[in-house]
Amino acid sequence: MTEQIVQEDFGGFNPRFYGVTYTLSTPASLEVLGNYFEHESFEREQASLGQIAIRSVIEHEMRHYHDFLLSPYSSSVFRLRLQGLVNGSQAVHMLKRLSGNCCPAPITRWMTLDDSARQAQLRDWRELIDPPGNSDWQPVTLPVVAPDELLPDAAPGFVKVNTRSIDQQFQFFVRTAVMGYERIRQIVDGFSDAQAHPELRPCNVYEATALTTQLCAIYQSQGLIQALQLVNFLFDSNLGYARLWETFMQLALLLEQHRHPGEEKARLLFAALPTVMVLSVWCLLGSFRLEGKDACPTLRFMRLASHLLDDHTDHRNRSASVADMWDYWDSETGVLPWRDSLNDLLDFNKRGLSAYAQMADAWDGPKDLPDLVQSLMRAFVADQQRIVEVMLSDPDLAVMPTRYLNAPDGTFPVPFAKYRLEGFAVNASKFDGRAARALQTLEIDGQLHTTSFVMDPSGANGRDGLLDAALQTEELMTWCDVLFTEQGMTADVYERARRGLEQYAGKRILLIV
Amino acid sequence: MRISITGEASVIEALSALIADDPDSSVESIGPAKDKSELAFAFGDIATIVSTVAGLAKVVELLINLKPALDGKTQKLSFRTALGVTTVELSQDITLEELHRQLGTLVPAR
């Protein structure tokens, strides 16, 4: 299977960038994507799995974006990311005024290292690079904290800190940023027994909805044989998301066999895809804010699976209405009703927007940061309201793949689309400023080329300011991620952020390995 | 020096075996790559090894020895030391000099 694949990673969704990101590792991949959108016909018969995946990556990533808006669980991560940004950026600002010649990264790990572990790390740093002048490496002062102490949520509200010393202010901002990051780590890791069931991770539930949408998009736009190639890959693969998708499919087939008695399972695969969506989207609707760990998509999955294995013959599990099935499952599994969860999500984030407006009013000094956060939060709340309202009034439209994929333009929010080209560049001179904005440019033979560009496929006017805010936030969040946590990012992005931080703070950023 | 290397799980396992056989190096930990925060649509499972090695020359030597295990494919590996991170595409035809050049940023000359 591997030789068919033109690249490992075709795209990603990380709320660091308020949009979706597509990664293309060869000019051929870009050509496949470009040809697919520019020409009505394309080579179907010889398509490799990689080509099929590239031609459907937009639907896959779009589903991630919409689930990010719809799911109260992932919404919690976004709010914590904003908390990390506000507090982390202020800690970064303080860094240059602190004594010490280096800052360990990630700070979340440094804070949990005891003195002997810190000394071992310092020895490793000394071995690699001489400290400046004749001094030793002197990290900025950060207390040793037990891992459990990093988890409580920061108290809501805003605290004036400018009467405290610089060291105290730094430690206050660091601690609140770290609490946010640690909570993100906990939510992202999930609450099920990862050792017993390594595939049971929240991200794999989000993959289940995106893969199912992608499969339906392939079936609709590329053909049955092409869709079967991805199905075969999912059944053959040992990857966590593939294993969990297969389990969702088995549950869906269990229900589907009651809808089509006597039919073989193999013939029901595509008929079962909408049911996979109904099952997997339900798993995303728990509210971490109101239900704590019971909102975890994997725990919801286990409860639902247990219910269905006992009760799959009950006709209420295969109602024609998504809302009826979800109502029944909510009541059978004892979770918060899905409408309550979604209504609370809207209320909570509207309150968050007001709170950030209050923060901006009370902010001393330049308001760039609170303005940035408000701008992003406003867009987030508006996009979320739009899709949640669809979900509340017509859940089939937001869930059933055929209706979702063919929804009229304007039904769902359309995110910014960023393209990352790995190891090659395209001529940027033909970019119309409105169609695509080159993010990183280089000159080759006197012509401007780019390795990364962003587009706004929504067609909406007046989003330039929001795009600026999204890009600026991404850069700041990347700086905070480098400093505080071990969030995944590509080496070039990481190194650019680390160097930027060093330049800004006037201190060496030394990494903990 | 301590170095962490992330790549396709099977390649990391092969690298781990090489490090275990090397008297000057040791494996501190090996396991699935930690970060799952990004929902990346990928077709491969990734793992990370944290190891202590004598220096850049030893890392390069290990990677050259790893080439036969690549089975003709190109593999992307991410490296992290205290000084930074970088990614190398390890192919059959990559040279010792090229590896030194690409990994040099992780271990600056004194």
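All values derive from a computational prediction rather than experimental measurement. (Residues numbered from 1 in each chain as written. Chains lettered and ligands numbered in written order. Predicted model: local features only at pLDDT ≥ 70, side-chain atom pairs only at ≥ 80, totals over all residues. Heavy atoms only, no water.)

> Explanation requested: the overall build of chain A in the structure shown.
A count of helical and extended segments in chain A gives 19 helices and eight strands. C-alpha extents for chain A along the principal axes are approximately 80 × 60 × 45 Å. Burial analysis of chain A (513 residues in total) assigns 56% to the buried set. Restricting the contact set of chain A to residue pairs at least 6 apart, pairs at least 24 apart contribute 72%. Accessible surface computed for chain A: about 21300 Å², of which carbon and sulfur atoms make up 49%. Averaged over its 46 positive side-chain charges, chain A has a centre that lies 5 Å from the centre of its 66 negative ones. (Helix = DSSP H or I, 4+ residues; strand = E, 2+ residues; numbered from the N terminus. Buried < 20%, exposed > 50% of the residue type's maximum accessible area, 1.4 Å probe, protein only. Contact = heavy atoms within 4.5 Å. Areas by Shrake-Rupley, 256 points an atom, 1.4 Å probe, with all protein chains shown as cover. Lys, Arg positive; Asp, Glu negative; His and termini not counted. Charge placed at Lys NZ, Arg CZ, Asp CG, Glu CD.)

> Sorry, what's going on with helix 7 (residues 202–221) of chain A here?
Residue pairs spaced three or four apart in an α-helix point in one direction, given the helix's 3.6 residues per turn. All names here are of chain A. Its 20 residues place the ends of helix 7 29 Å apart at the C-alpha level, agreeing with the 28 Å of an ideal helix rising 1.5 Å per residue. With 17 of its 20 residues buried, helix 7 lies for the most part within the structure. Trailing helix 7 by a residue or two, Gly 223 shows a phi angle of about 130°, which is positive. (Expected span 1.5 Å × (residues − 1).)

> Before we go on, may I ask you to explain the sheet that holds strand 5 (residues 75–81) of chain B in this structure?
Through backbone hydrogen bonds, the strands of a sheet pair up, either in parallel or in antiparallel fashion. Residue and element names in this part refer to chain B. Across the sheet, which stays open at both edges, the five strands sit in the order 2-4-1-5-6 with antiparallel pairing between neighbours. Two strands bound the open sheet, and with one partner strand each, they are strand 2 (26–32) and strand 6 (84–90). With strand direction ignored, the average angle separating the axes of adjacent strands in the sheet is 20°. Relative to strand 4 (residues 46–52), strand 2 runs antiparallel, the two being bridged by six bridges. Directly across from Ser 26, in strand 4, lies its bridge partner Thr 52. (Pairing = 2+ DSSP bridges. Axes fitted to C-alpha atoms, helices over the stretch in contact; angles between N-to-C directions.)

> Would you mind showing me how to read the state of the cysteines here?
A covalent bond between the sulfur atoms of two cysteines is what we call a disulfide. Residue and element names in this part refer to chain A. Under the definition given, this model contains zero disulfides over all chains. With no disulfide of its own, Cys 216 lies closest to Cys 283 among cysteine sulfurs, the gap being 17 Å. Cysteine Cys 296 is unpaired, with the sulfur of Cys 283 as its nearest cysteine sulfur at 9.7 Å. A residue is classified by how much of its surface remains accessible, and Cys 296, at 0% relative accessible area, is buried. (Disulfide = S-S within 2.5 Å.)

> Is there a simple way to explain the pairing of strand 4 of chain B in this structure?
Along any regular strand the residues' side chains alternate between the sheet's two faces. All names here are of chain B. With five of seven residues buried, strand 4 is to be regarded as a mostly interior element. Inspection of the sheet shows strand 1 (residues 2–8) paired to strand 4 by seven bridges, in the antiparallel sense. Residue pairing for strand 4: Ile 3 is matched across the bridge by Ser 51.

> Explain the nonpolar core to me, please; I cannot follow it from the model alone.
Across soluble globular proteins, nonpolar side chains have a tendency to be buried as a group. Residues A:Tyr18, A:Trp326, A:Trp329, A:Met391, A:Phe484 and B:Phe79 are the most contacted members of the largest nonpolar core, which totals 190 residues. Contact partners of A:Trp326, with chain neighbours within four places excluded, come to A:Val278, A:Val281, A:Trp282, A:Leu285, A:Trp338, A:Met391, A:Pro395 and A:Val399. (Core = buried A, V, L, I, M, F, W, Y, C linked by side-chain atoms within 4.5 Å.)

> What's the story with the pattern of salt bridges in this structure? I'm lost.
Any two side chains of opposite charge can pair if their charged atoms end up close together. Per the counting criterion, the structure on display carries 30 salt bridges over all chains. Its salt-bridge partner being A:Glu256, residue A:Arg259 comes within 2.9 Å of it at the nearest N-O pair. Taken together, the residues A:Arg259 and A:Glu256, both in helix 9 (residues 240–259) and three residues apart, mark about one turn of the helix. In this structure A:Glu256 comes out as buried when scored by relative accessible area, which is 3%. Residue B:Asp24 is joined to B:Lys58 by a salt bridge in which the shortest nitrogen-to-oxygen separation is 3.8 Å. Placement of B:Asp24 in the loop between helix 1 (9–21) and strand 2 and of B:Lys58 in helix 2 (residues 56–66) is noted, with a sequence separation of 34 residues between them. B:Lys58 gets classed as buried once you look at its relative accessible area, which sits at 11%. Residues participating in the shared-partner salt-bridge network are A:Glu495, A:Arg498, A:Arg499, A:Glu502 and A:Arg508. (Salt bridge = Lys/Arg side-chain N within 4 Å of Asp/Glu carboxyl O.)

> Would you mind showing me how to read the packing of helix 9 of chain A against helix 12 (residues 297–311) of chain A here?
For any two helices packed against each other, the geometry comes down to the angle between their axes and how far apart the axes lie. Residues and elements named next belong to chain A. With their axes 11 Å apart at the nearest point, helix 9 and helix 12 run at an angle of 30° to one another. By the angle class used here, helix 9 and helix 12 are roughly parallel. Helix-helix and strand crossings are classified by hand; for helix 9 and helix 12 the assignment is left-handed. Together, Leu 244, Thr 247, Phe 248, Leu 251, Leu 254 and Leu 255 of helix 9 and Phe 301, Ala 305, Leu 308 and Leu 309 of helix 12 make up the contact between the two elements. Partitioned by chemical class, the residues of the contact of helix 9 with helix 12 number nine nonpolar, one polar and no charged. (Parallel < 35°, antiparallel > 145°, perpendicular 65-115°, else oblique. Left-handed = near helix turned anticlockwise from the far one by under 90°. Nonpolar A, V, L, I, M, F, W, Y, C, P; charged D, E, K, R; others polar.)

> Explanation requested: a nonpolar patch on the surface in the structure shown.
All names here are of chain A. The grouping of Tyr 219, Leu 224 and Leu 228 at the surface amounts to a nonpolar patch, some 260 Å² of accessible area in total. Assignment of secondary structure puts Leu 224 in helix 8 (residues 224–236). By relative accessible area, which is 43% here, Leu 224 ends up partly exposed. (Patch = residues over 30% accessible without salt bridge, like charges linked within 9 Å, V, L, I, M, F, W, Y side chains within 5 Å.)

> Is there a simple way to explain unusual backbone geometry in this structure?
Trans peptide bonds make up the majority, and among non-glycine residues the majority have a negative phi. All names here are of chain A. Cis geometry marks the peptide bond from Ala 105 to Pro 106, where omega comes out at 0°. As for its position among the elements, Pro 106 is in the loop between strand 3 (102–105) and helix 4 (107–112). We note that Asp 445 has phi near 50°; this positive angle belongs to a residue other than glycine. Tracing the backbone shows Asp 445 in the loop between strand 6 (436–444) and strand 7 (447–455).

> How do you make sense of the packing of aromatic side chains when you look at a structure like this?
Two numbers describe a pair of aromatic rings. These are the distance of the centres and the angle of the planes. Residues and elements named next belong to chain A. Using the criterion set out here, one finds 20 aromatic pairs over all chains in the structure. Among the aromatic residues, ring-to-ring pairing joins Tyr 18, Tyr 65, Phe 68, Phe 78 and Phe 380 into one connected group. Sitting over the ring of Phe 17, Lys 418 keeps its end group 5.0 Å from the ring centre. The ring of Phe 416 is capped by Arg 463, whose NZ or CZ atom sits 4.3 Å from the centre of that ring. (Phe/Tyr/Trp six-rings, centres within 6.5 Å; stacked < 30°, edge-to-face > 60°. Lys NZ or Arg CZ within 6 Å of the ring centre and 35° of its normal.)

> When you look at the packing of helix 1 of chain B against helix 2 of chain B in this model, what are you seeing that I'm missing?
Residues and elements named next belong to chain B. Two numbers describe how helix 1 lies on helix 2: the axes approach to 10 Å, and their chain directions differ by 120°. As the angle between them shows, helix 1 and helix 2 are arranged oblique. Note that helix 1 runs across helix 2; the crossing there is right-handed. In this structure, helix 1 contributes Val 11, Ala 14, Leu 15, Leu 18 and Ile 19 to the contact, and helix 2 contributes Leu 62, Asn 65 and Leu 66. For the contact of helix 1 with helix 2, the per-class residue count stands at seven nonpolar, one polar and no charged.

> Got a minute to help me understand the pairing of strand 6 of chain B in this structure?
All names here are of chain B. Most of strand 6 is tucked away: five of the seven residues are buried. Sheet topology places strand 5 next to strand 6; seven bridges connect them, and they run antiparallel. Among the inter-strand pairings, Leu 77 is bridged to a residue of strand 6, identified as Val 88. Counting the residues in the hairpin turn of strand 5 and strand 6 gives two residues.

> Before we go on, may I ask you to explain the side chain of A:Arg463 in this structure?
All names here are of chain A. Note on placement: Arg 463 falls in the loop between strand 7 and helix 18 (464–484). By relative accessible area, which is 16% here, Arg 463 ends up buried. Excluding residues that lie within four positions of it along the chain, Arg 463 makes contacts with Val 414, Pro 415, Phe 416, Asp 456 and Ser 458.

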